[in-house]
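Letter by letter, the chains look like this.
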Number of protein chains: 2
Amino acid sequence: MITILSGGTGTPKLIQGIKEIYPEEDITVIVNTVENEYFSGGYVAADCDTVMYTFADMIDDEFFYGIIGDTFKIRNILIEMGTTELLKIGDMDRAIKIQKTILLEEGKTLSEIVEHQKNKLGVKAKIIPMSDEDSEIKIITKEYGELKFHDFLIKHQCEAEVVEVQYSDVKPSSGLIQAIENADKIIIGPSNPITSIRPIIAIDGVEEALKEKEVIAVSPFLGEGAFSGPAAKFMNAFGFEASSIGVAELYKPFLKRFIIDTKDEKMKEEIEKIIPNVQTTNTFMKTLEDKINLAKFVLNE
Amino acid sequence: MITILSGGTGTPKLIQGIKEIYPEEDITVIVNTVENEYFSGGYVAADCDTVMYTFADMIDDEFFYGIIGDTFKIRNILIEMGTTELLKIGDMDRAIKIQKTILLEEGKTLSEIVEHQKNKLGVKAKIIPMSDEDSEIKIITKEYGELKFHDFLIKHQCEAEVVEVQYSDVKPSSGLIQAIENADKIIIGPSNPITSIRPIIAIDGVEEALKEKEVIAVSPFLGEGAFSGPAAKFMNAFGFEASSIGVAELYKPFLKRFIIDTKDEKMKEEIEKIIPNVQTTNTFMKTLEDKINLAKFVLNE
């Protein structure tokens, strides 16, 4: 039994490797929900969907967003009618979002909805949204003041300088703490530490539960650059160095084993002052083989 | 210049006839909005869309709802995923509703949105939602208490006994009163008098403006039965006889000419005590010829 803490891009890549070597029914993924929001009237739980599509082998893994081979009839009609949506939503992906909207309106929780949808898509892993409550993430920027996360990412292409990142306090979803307590190992994937992982560990009871467990993290950083997304800006805004050193400091209270890239061998000694157990391997996942190799390394298998 | 007061089924049939014999750019339609609501996260302005699709020759005129030849990809995925929407929404129709949702969120008014959409669809007639404010219609029934209009129509198939119909007071949209004042003739189509027409005439200033105009109404009733929809139940709930006599009483304060079906010739004398100018013709519109003939009769052309 393993439990994975996931955001939207780096960790799903690692999941593609893990699911090849570990029984899917023994995997639980706790997913960040802080970026969830209504968009064009539909409820978008982007990271939940990415993880769900990854297990269902439907993910468009060029972008780790949307469904491979999806059609764009609705989007194309909207464009013809003069409206270009900021998010590029395919028809099947939109149907998944519309179903969430309908079921939320009927009073179902996000956890219940994700459970229903992942079962319908034949996913055997458990997928647990970190919270069933609405939350909000705000990026306070120097140039534009307060921005919604999607506007920061897409409209402003991550170009603004980040002064602060704020997100709401939310209650854990009902299965969250148990998913940590029941796991033999907890894996924190190479997702954005500030916007994807920190919202999960900031939830009441999560850090305490993690302290009791074998927690293994894979750093999303390689030298000065993060693998994907605007991680560096966010790390700096929280006063952490934008490198594996900063990640080690952020995860220090509960981390037992830290995996960094071979190219960061030179930081190993310094990181070992923060986390004693540091290992190096290739963390850059391009091919399925890379993903499986990293998964084996993480799981010691 | 003519202005037509319209609901969702009977009047669009008449519009199909009128647009064949009258210059489209000289037609204005004021559309009931009291049934508008969010549905599956999308804003549904059913009567606005029906009128817009009718002018664009896109209407599915078997049901006067939706777009002819539309596909149902999203609906079918939802069904596969275990959710059957009460309204059967095609993909293009859904895109139109999603665009409304997006533009409302951006702060546009419903009037501005309908103007934009009808222009994109090549419609030359003016289409004016009666109000840009949200409104609500509640059907109070004996069996189930308070029902939403769509639930009454679709879920309960109009079978419940109607005790009362309630709808919100709303402000007129900016072009509404002017559309009445500028018209040479006002035509009240054969729509449900209670749920489609009365909400328009109940708006502040509308009845006063109608009193100054040549107002012509086509009765939706033929003998004891309305052409379509649950008009009889609603008429009774408001204390009006469910026939052309009841309609005459309802429209009496401003009606100048009333057109009833030839089969109701026997009621003509009694109706003339309410409205002096009553004419009979075939009001049953099955073929385009029926629709054109009735349009010619209404317009005296």
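Now for a description of the structure that goes with this document. (Residues numbered from 1 in each chain as written. Chains lettered and ligands numbered in written order. Predicted model: local features only at pLDDT ≥ 70, side-chain atom pairs only at ≥ 80, totals over all residues. Heavy atoms only, no water.)

**Side note on the relation of the copies chain B and chain A**
Here's step 1: Rotating chain B by 180 degrees and translating it 0.0 Å along the rotation axis places it on chain A, where the RMSD comes to 0.0 Å. The superposition operator between the copies reduces to a two-fold rotation axis. By C-alpha distance to the rotation axis, the residue of chain B lying nearest is B:Gly41, at 2.3 Å.
Here's step 2: Interface overlap between copies is the fraction of interface residues in one copy that are interface residues in the other; for chain B against chain A it reaches 100%, indicating a shared surface. (Least-squares fit on C-alpha atoms with pLDDT ≥ 70 in both. Contact = heavy atoms within 4.5 Å.)

**Overview of empty space enclosed by the protein**
Here's step 1: Taken as a whole, this structure holds four cavities of 30 Å³ or more when the rule is applied.
Here's step 2: The calculated volume of the largest cavity comes to roughly 150 Å³.
Here's step 3: Residue lining of the largest cavity: 18 residues in total, with A:Ser40, A:Ile98, B:Ser40, B:Gly42 and B:Ile98 positioned closest to the centre.
Here's step 4: Taken together, the elements giving at least two residues each to the lining of the largest cavity come down to strand S4 (42–44) and helix H4 (91–105) of chain A together with strand S4 (42–44) and helix H4 (91–105) of chain B. (1 Å grid on protein atoms, 1.4 Å probe; cavity = no way out; pocket = protein on both sides within 12 Å on 5 of 7 lines; lining within 4 Å. Points joined across faces, edges and corners; volume = space filled by probe spheres on them. Helix = DSSP H or I, 4+ residues; strand = E, 2+ residues; numbered from the N terminus.)

**A few points about the interface of chain B and chain A**
Often, the extent of an interface is quoted as the loss of accessible area upon association of its parts.
Here's step 1: On the side of chain A, 28 residues touch chain B, which itself brings 28 residues to the contact.
Here's step 2: With both chains or domains summed, chain B and chain A bury close to 2,300 Å², and 70% of this area falls on carbon and sulfur atoms.
Here's step 3: Taken together, the connections running from chain B to chain A amount to two salt bridges.
Here's step 4: One salt bridge connects A:Lys73 with B:Asp70, and the closest N-O pair in it is separated by 3.9 Å.
Here's step 5: Our enumeration of links across chain B and chain A arrives at eight residue pairs in polar contact (both at pLDDT 80 or more).
Here's step 6: Elements that contribute at least two residues to the side of chain B that touches chain A include exactly helix H3 (73–80), H4 and helix H5 (110–120) of chain B.
Here's step 7: Among the elements that line the side of chain B that touches chain A, the one with the most residues is H4(B), at eleven residues.
Here's step 8: Class assignment of the residues belonging to the side of chain B that touches chain A gives a composition of eleven nonpolar, nine polar and eight charged. (Buried area = accessible area lost by both parts, 1.4 Å probe. Salt bridge = Lys/Arg side-chain N within 4 Å of Asp/Glu carboxyl O. Polar contact = N/O pair within 3.5 Å; in protein donor to acceptor, adjacent residues only side chain to side chain. Nonpolar A, V, L, I, M, F, W, Y, C, P; charged D, E, K, R; others polar.)

**Brief notes about the sheet that holds strand S13 (residues 257–261) of chain B**
Residues and elements named next belong to chain B.
Here's step 1: Reading across from one edge, S5-S2-S1-S9-S10-S13-S14 is the order of the seven strands in this open sheet, with parallel pairing throughout. Edge positions in the open sheet fall to strand S5 (126–129) and strand S14 (278–281), since each of these has one partner strand only. On average, adjacent strands in this sheet sit at an angle of 20 degrees to one another, irrespective of strand direction.
Here's step 2: Pairing geometry for strand S9 (residues 185–188) and strand S10 (residues 215–218), over three bridges, is parallel. If you follow Ile 187 over to S10, its bridge partner there is Ile 216.
Here's step 3: Strands strand S1 (2–6), strand S2 (27–31) and S5 of the sheet are contacted by helix H2 (residues 46–55), whose axis makes an angle of about 155 degrees with S2. (Pairing = 2+ DSSP bridges. Axes fitted to C-alpha atoms, helices over the stretch in contact; angles between N-to-C directions.)

**Focus: the pattern of salt bridges**
All names here are of chain A.
Here's step 1: Under the criterion given, the structure shown has 24 salt bridges over all chains.
Here's step 2: A salt bridge links Lys 97 to Asp 93, with the shortest nitrogen-to-oxygen separation between them at 2.8 Å. Of this pair, Lys 97 and Asp 93 both sit in helix H4, four residues apart, which is roughly one turn of that helix. Summarising the burial analysis for this pair, Lys 97 and Asp 93 share the class buried.
Here's step 3: Across the salt bridge formed by Lys 108 and Glu 106, the nearest N and O atoms sit 3.9 Å from each other. (Buried < 20%, exposed > 50% of the residue type's maximum accessible area, 1.4 Å probe, protein only.)

**Considering the nonpolar core**
Here's step 1: If you look at the biggest cluster of nonpolar residues, it comprises 90 residues, and the most contacted ones within it are A:Ile18, A:Leu121, B:Ile18 and B:Leu121.
Here's step 2: When neighbours within four sequence positions are excluded, A:Leu121 is seen to be in contact with A:Met52, A:Tyr53, A:Ala56, A:Met58, A:Met92, A:Ile96 and B:Met81. (Core = buried A, V, L, I, M, F, W, Y, C linked by side-chain atoms within 4.5 Å.)

**Looking at the sheet that holds strand S6 (residues 137–141) of chain B**
All names here are of chain B.
Here's step 1: Taken in spatial order, the three strands line up as S7-S6-S8 in an open sheet, and their pairing is antiparallel. In this open sheet, the two strands that pair with only one neighbour each are strand S7 (145–148) and strand S8 (162–167). Across the sheet, the mean angle separating the axes of adjacent strands is 25 degrees when strand polarity is ignored.
Here's step 2: Note: S6 against S8, five bridges, orientation antiparallel. In the sheet register, Thr 141 faces S8, and the bridge partner there is Val 162.
Here's step 3: Contacts from helix H8 (residues 193–201) reach S6 and S8, with the element oriented near 30 degrees to S8.

**Thoughts on the packing of H2(B) against H4(B)**
Residue and element names in this part refer to chain B.
Here's step 1: At a minimum axis separation of 12 Å, H2 and H4 run at an interaxial angle of 125 degrees. Overall, the two elements H2 and H4 adopt an arrangement that is oblique. Judged by the twist between their axes, the crossing of H2 over H4 is right-handed. Across from Asp 49, Met 52 and Tyr 53 in H2, the residues of H4 making contact are Asp 93, Ile 96, Lys 97 and Lys 100.
Here's step 2: By residue class, the composition of the contact of H2 with H4 is three nonpolar, no polar and four charged. (Parallel < 35°, antiparallel > 145°, perpendicular 65-115°, else oblique. Left-handed = near helix turned anticlockwise from the far one by under 90°.)

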